[in-house]
Amino acid sequence: DLEDSLTIINCLKLIFFDLDTPNIDNVRERFIQSLLKWVNRSDGEPNAAYIEQIFQMSNDSDKNVFDISLFWNLLNQLLLRGLFEQALGCIERSEIIPYLENICEVSSNAIKDLVQLIQNYPMDSMDTFREWKALALELSQTYNDSETNVSSELRDYIEDTLLLISG
């Protein structure tokens, strides 16, 4: 019950105090950050144990973690929740970029561009967001139309993630 009360109080704080506070720069960015914190706090987020479990699965099966669908489900969940730092950490820890650099330049560049887009996610203005969204859509379409040297399963995972960020 206390957790539910805290969730309600945080929601009220978000709506009545963070959003309506005058003379604060970047009200939109502050609101989005507060909303993301509230959603992730009230609904839970993938915890460290779950993330470790996914990475451990790859060690146990001698597969790359990015060959496991649960990794991509986790990555997509982190992106949907706005947990960009954690998503970037998972990409880096998976070592997918060095792997793809040796196998498929197109896929490697797509993941590198994905990382850049995540790092530059705009929260300050709708105009900047529209430009960002157009770049995400262009990346998704370019990758979809290109030839790759990865398994069809890995290609599908990458395409799904690119589609997710492009909306």
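Residues numbered from 1 in each chain as written. Predicted model: local features only at pLDDT ≥ 70, side-chain atom pairs only at ≥ 80, totals over all residues. Heavy atoms only, no water.

(A) Representation of the side chain of serine 140 in the model. Mapped onto the elements of the fold, serine 140 is located in helix H8 (residues 126-144). Here serine 140 falls in the buried class, since its relative accessible area comes to 6%. Excluding residues within four positions of it along the chain, serine 140 makes contact with Leu162, Leu163 and Ser166. (Helix = DSSP H or I, 4+ residues; strand = E, 2+ residues; numbered from the N terminus. Buried < 20%, exposed > 50% of the residue type's maximum accessible area, 1.4 Å probe, protein only. Contact = heavy atoms within 4.5 Å.)

(B) A look at a nonpolar patch on the surface. Together, Ile8, Leu12, Ile15, Phe16 and Phe17 line one region of the surface with nonpolar side chains, adding up to about 510 Å² of accessible area. With respect to the secondary-structure elements, leucine 12 resides in helix H1 (residues 2-18). In this structure leucine 12 comes out as partly exposed when scored by relative accessible area, which is 42%. (Patch = residues over 30% accessible without salt bridge, like charges linked within 9 Å, V, L, I, M, F, W, Y side chains within 5 Å. Areas by Shrake-Rupley, 256 points an atom, 1.4 Å probe, with all protein chains shown as cover. Salt bridge = Lys/Arg side-chain N within 4 Å of Asp/Glu carboxyl O.)

(C) How the structure looks around the packing of aromatic side chains. For the structure on display, the rule yields eight aromatic pairs. For the cation-ring pair, arginine 93 lies above phenylalanine 55, with the distance from its terminal atom to the ring centre recorded as 4.2 Å. For arginine 155, the ring lying beneath its charged end belongs to tyrosine 143, and the centroid distance is 5.0 Å. (Phe/Tyr/Trp six-rings, centres within 6.5 Å; stacked < 30°, edge-to-face > 60°. Lys NZ or Arg CZ within 6 Å of the ring centre and 35° of its normal.)

(D) Region of the structure containing the side chain of serine 94. When you line up the elements, serine 94 lands in helix H5 (residues 84-94). With sequence-adjacent residues up to four places away left out, serine 94 is seen in contact with Phe55, Val65, Phe66 and Phe71.

(E) Quick peek at the nonpolar core. Counting 40 residues, the largest nonpolar core has Phe71, Trp72, Ile91, Ile96, Ile111, Leu154 and Ile158 as the members making the most contacts within it. Put simply, the parts of the chain that give this core at least two residues each are helix H3 (48-61), helix H4 (69-80), H5, helix H6 (96-103), helix H7 (105-119), H8 and helix H9 (152-166). Residue contacts for phenylalanine 71: discarding those within four places in its chain leaves Ile54, Phe55, Val65, Phe66, Cys90 and Ser94. (Core = buried A, V, L, I, M, F, W, Y, C linked by side-chain atoms within 4.5 Å.)

(F) Region of the structure containing unusual backbone geometry. You will see that glutamate 95, though not glycine, has its phi angle at about 60 degrees, which is positive. Relative to the helices and strands, glutamate 95 resides in the loop between H5 and H6. Residue class for glutamate 95 comes out exposed when judged on its relative accessible area of 53%.

(G) Looking closely at H4. For H4, built from 12 residues, the straight-helix expectation of 16 Å at 1.5 Å per residue is met to within 8% by its first-to-last C-alpha distance of 16 Å. For H4, every residue scored as buried is listed here: Phe71, Trp72, Leu74, Leu75, Asn76, Leu78 and Leu79. Of the surrounding secondary structure, the elements contacted by the buried residues of H4 are H3, H5, H6, H7 and H9. Directly beyond the C-terminal end of H4, a positive phi value near 75 degrees is found at glycine 82. (Expected span 1.5 Å × (residues − 1).)

(H) Representation of the confidence of the model for the protein chain within the structure. When pLDDT is averaged across the protein chain, the result is 86; 92% of the residues are at 70 or more. Of all the helices and strands in the protein chain, helix H2 (residues 27-43) carries the lowest mean pLDDT, 72, while H7 carries the highest, 96. (pLDDT = per-residue confidence, 0-100.)

(I) Molecular detail of the pattern of salt bridges. Inspection of every chain in the model, using the stated rule, returns four salt bridges. When the shortest N-O distance is used, the salt bridge between aspartate 127 and arginine 130 registers 2.9 Å. Note that aspartate 127 and arginine 130 are positioned in helix H8 at a spacing of three residues, about one turn of the helix. Accessibility classification places aspartate 127 together with arginine 130 in one group, the exposed group.

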